[in-house]
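Spelled out, the chains give:
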Amino acid sequence: MAEAAAAAPGGPLLVPDEKDLRRRTSAKWRCHPTDVLPLWVAEADVPTPEPVARALREAIDRGDLGYPADHLGYARALDAFSRERWGVPVPEERTFPVGDVMQGVTELIGLLTPPDGTVVISPPLYPPIAELARHRGRRLVEAPLDPAGRMDPEALERAFRSAPGSVYVLCNPHNPTGTVPRPDELDTLAGLAERYGVRVVADEIHGPIVPPGARFTPWLSRPGAGRGFSVLSASKSWNLPGVKAALIVAGPEAERDLASLPEALGHAASHLGVLAHTVALRECGEWLDGFLAGVAANRRLLTRLVDLLLPGVEVLEAEGTYLAWLDCRQLWPGEPDPAARFLERGRVALSPGPEFGTGGEGRVRINLACSPALLAEAVRRMAAAVD
Ligand SMILES: Cc1ncc(COP(=O)(O)O)c(C=O)c1O
């Protein structure tokens, strides 16, 4: 089965049986007791694409567990992938390897802001971004998303005006809402960033996870984004976070900033990670298409099942990521953390909305990268928690 794509294009997501999934030792499957169905952390239940598994096995058989010689193969694979999928080149001289996307984002915050500087974010947002910015001593200013989960130009302008010279961390596509910024929205952001001297760092780890029908627009492809950065990785799209690697990509006017990063930072990218990510980007495009089709089918299934079984819960309309954002405020008015109730009463683990900051209360995030059967069982358990 691993030889096949994660799903036949248009078909359901093909994943191992739950019994086999429960043999996995990663966070998704080990942080809750065995009677809990885990649809929380952003890991996918898919099998490892066979070319990646083969490359990893062969490296281990060679005892090839040293340091990566360089990251250029990874950068060239990303360039080829990005040209083919998005029509956007990734010049290798503007890339820099890092251990993972969050290391890249954090180092860029450190590089682009003074120690008492400011980072602007748009919550609800993937929690480590705020956590790590705060850990670096940076002040956080919020420009919350609008009710549709999209960037709010007025909130952005207010935030930028209050913090000229800050960094804005763009999450493109956005975690947890799954929304995919349109080119015009990115252009509005670019205009505001230019006006207030804000540097944009785009976390684009979910970039490849946008099924047909919508389109991912790389930040650096927009006019006016040249002083910014993107941080990308194959880890989310091919489920490889266990083999760490990512790439910082600098805009054309940010090349000198990139050159000031110490070379030793790049040592955090693991040799197996660089190897696995390179093979995924080069050889596993069809596999990814199958995965995207399966996720899109699951998003439709979730919406249908929630309509049917969970009156008072609203699934936010979204096109990207394998995450969905559910508003449970009508179901349990005044309850800040519906995930706690779903866990306690339904034995299904979702990501608690409040962890994502402003706009997270009364919401939960659910992970769609599982079999349709498992997703249906999760909704059934959620409904049972209501009864
Ligand atoms: C938006 C976003 N950024 C970063 C990460 C983490 O990536 P990494 O493990 O490469 O730091 C995730 C993981 O879910 C994510 O959703």
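Keep in mind it's a predicted model, so treat the numbers as computed, not measured. (Residues numbered from 1 in each chain as written. Predicted model: local features only at pLDDT ≥ 70, side-chain atom pairs only at ≥ 80, totals over all residues. Heavy atoms only, no water.)

Student: Looking at this structure, I do not really get the UniProt feature "domain: Aminotransferase class I/classII large" (unreviewed entry) in the chain. What am I missing?
Tutor: Within this numbering scheme, the UniProt entry marks residues 77-381 as carrying the feature "domain: Aminotransferase class I/classII large" (unreviewed entry). Overall, residues 77-381 shows 38% helix and 15% strand. The separation of its end C-alpha atoms is 42 Å. (UniProt positions renumbered as here; feature names shortened; annotations may be inferred. Helix = DSSP H or I, 4+ residues; strand = E, 2+ residues; numbered from the N terminus.)

Student: Help me understand the sheet that holds strand β13 (residues 363-367) in this model?
Tutor: In a beta sheet, neighbouring strands are held together by backbone hydrogen bonds and run either parallel or antiparallel to one another. Read from one edge to the other, the open sheet built from four strands follows the order β9-β10-β13-β12, with strand pairing classed as antiparallel. Unpaired on one side and paired on the other, β9 (314-315) and β12 (351-352) mark the two borders of the sheet. In this structure, β12 lies alongside β13, joined through two bridges in antiparallel fashion. Bridging across to β13, S351 finds its partner in R365. (Pairing = 2+ DSSP bridges.)

Student: Even after reading the chapter, I still don't get the nonpolar core, so can you show me in this structure?
Tutor: By size, the foremost hydrophobic cluster in this structure holds 48 residues, and its most contacted members are V52, W238, L281, F291 and Y322. Among the secondary structure elements, those contributing two or more residues to this core are α3 (50-61), α4 (72-86), β8 (246-250), α10 (271-283) and α11 (285-309). The element contributing the most residues to this core is α10, with seven residues. In contact with V52, other than residues within four places in its own chain, are L240, A276, V279, A280 and C284. (Core = buried A, V, L, I, M, F, W, Y, C linked by side-chain atoms within 4.5 Å. Buried < 20%, exposed > 50% of the residue type's maximum accessible area, 1.4 Å probe, protein only. Contact = heavy atoms within 4.5 Å.)

Student: Help me out: how do you make sense of the packing of aromatic side chains in this one?
Tutor: Aromatic ring pairs are described here by two measures, namely the spacing of the ring centres and the angle between the planes. Considering all chains together, one arrives at eight aromatic pairs under this definition. Relative to W238, the ring of F81 has its centre 5.6 Å away and its plane inclined at 70°; by these criteria the two rings are edge-to-face. With F81 in helix α4 and W238 in the loop between β7 (229-232) and β8, this pair connects stretches of sequence that are 157 residues apart. With relative accessibility at 0%, the residue W238 sits in the buried group. Between F160 and Y168, the aromatic rings sit 5.7 Å apart at their centres with planes inclined by 65°, giving edge-to-face as the arrangement. Residue F160 is classed as buried on the basis of its relative accessible area of 0%. Put simply, the rings of F81, W86, F216 and W238 touch in pairs and so form one group of aromatic residues. Over the ring of W332 we find R341, and its NZ or CZ is 4.8 Å from the ring centre. (Phe/Tyr/Trp six-rings, centres within 6.5 Å; stacked < 30°, edge-to-face > 60°. Lys NZ or Arg CZ within 6 Å of the ring centre and 35° of its normal.)

Student: Is there a simple way to think about the packing of helix α12 (residues 338-346) against helix α13 (residues 372-386) in this case?
Tutor: Helices that pack against each other are described as a pair by the angle of their axes relative to one another and the distance between those axes. Packing of α12 against α13 leaves a shortest axis separation of 8 Å and a crossing angle of 95°. Here α12 lies roughly perpendicular to α13, going by the angle between them. Between α12 and α13, the residues in contact are R341, F342, R345 and G346 and R381, M382, A385 and V386, respectively. Looking at the contact of α12 with α13 residue by residue, the classes come out as four nonpolar, one polar and three charged. (Axes fitted to C-alpha atoms, helices over the stretch in contact; angles between N-to-C directions. Parallel < 35°, antiparallel > 145°, perpendicular 65-115°, else oblique. Nonpolar A, V, L, I, M, F, W, Y, C, P; charged D, E, K, R; others polar.)

Student: How should I be thinking about the domain arrangement of the chain in this particular structure?
Tutor: One frequently used descriptor of interface size is the decrease in accessible area upon assembly of the parts. By the assigned domains, the chain splits into domain 1 (18-48 + 285-386) and domain 2 (61-283). For domain 1 versus domain 2, the separation of C-alpha centres amounts to 25 Å. Taken together, the contacts link 29 residues of domain 1 with 33 residues of domain 2. Of the roughly 2,400 Å² buried where domain 1 meets domain 2, counting both sides, 61% is carbon and sulfur surface. Our enumeration of links across domain 1 and domain 2 arrives at two salt bridges. Among the salt bridges present, the one from R85 reaches D289, with a minimum N-O distance of 2.9 Å. At the junction of domain 1 with domain 2, the criterion picks out 11 residue pairs in polar contact (both at pLDDT 80 or more). If you list the elements that add at least two residues to the side of domain 1 that touches domain 2, you get α11 and β10 (323-327). No other element matches the seven residues that α11 contributes to the side of domain 1 that touches domain 2. Here the side of domain 1 that touches domain 2 is built from residues that sort into 15 nonpolar, seven polar and seven charged. (Domains from an automatic or database assignment. Buried area = accessible area lost by both parts, 1.4 Å probe. Salt bridge = Lys/Arg side-chain N within 4 Å of Asp/Glu carboxyl O. Polar contact = N/O pair within 3.5 Å; in protein donor to acceptor, adjacent residues only side chain to side chain.)

Student: Can you help me understand the sheet that holds strand β2 (residues 95-98) in this one?
Tutor: Read across the sheet, seven strands follow the order β2-β8-β7-β6-β5-β3-β4 without closing on themselves; strand pairing throughout is mixed. The sheet is open, and its two edges are formed by β2 and β4 (139-142), each paired on a single side. On average, each strand axis in the sheet is tilted by 25° relative to the strand beside it, whichever way the strands run. Strand direction decides the pairing type here: strand β5 (residues 167-171) and strand β6 (residues 199-203), joined by five bridges, are parallel. Looking across to β6, one finds that V169 is bridged to V201. Of the strands in this sheet, β2, β7 and β8 are in contact with α4, which crosses β8 at around 70°.

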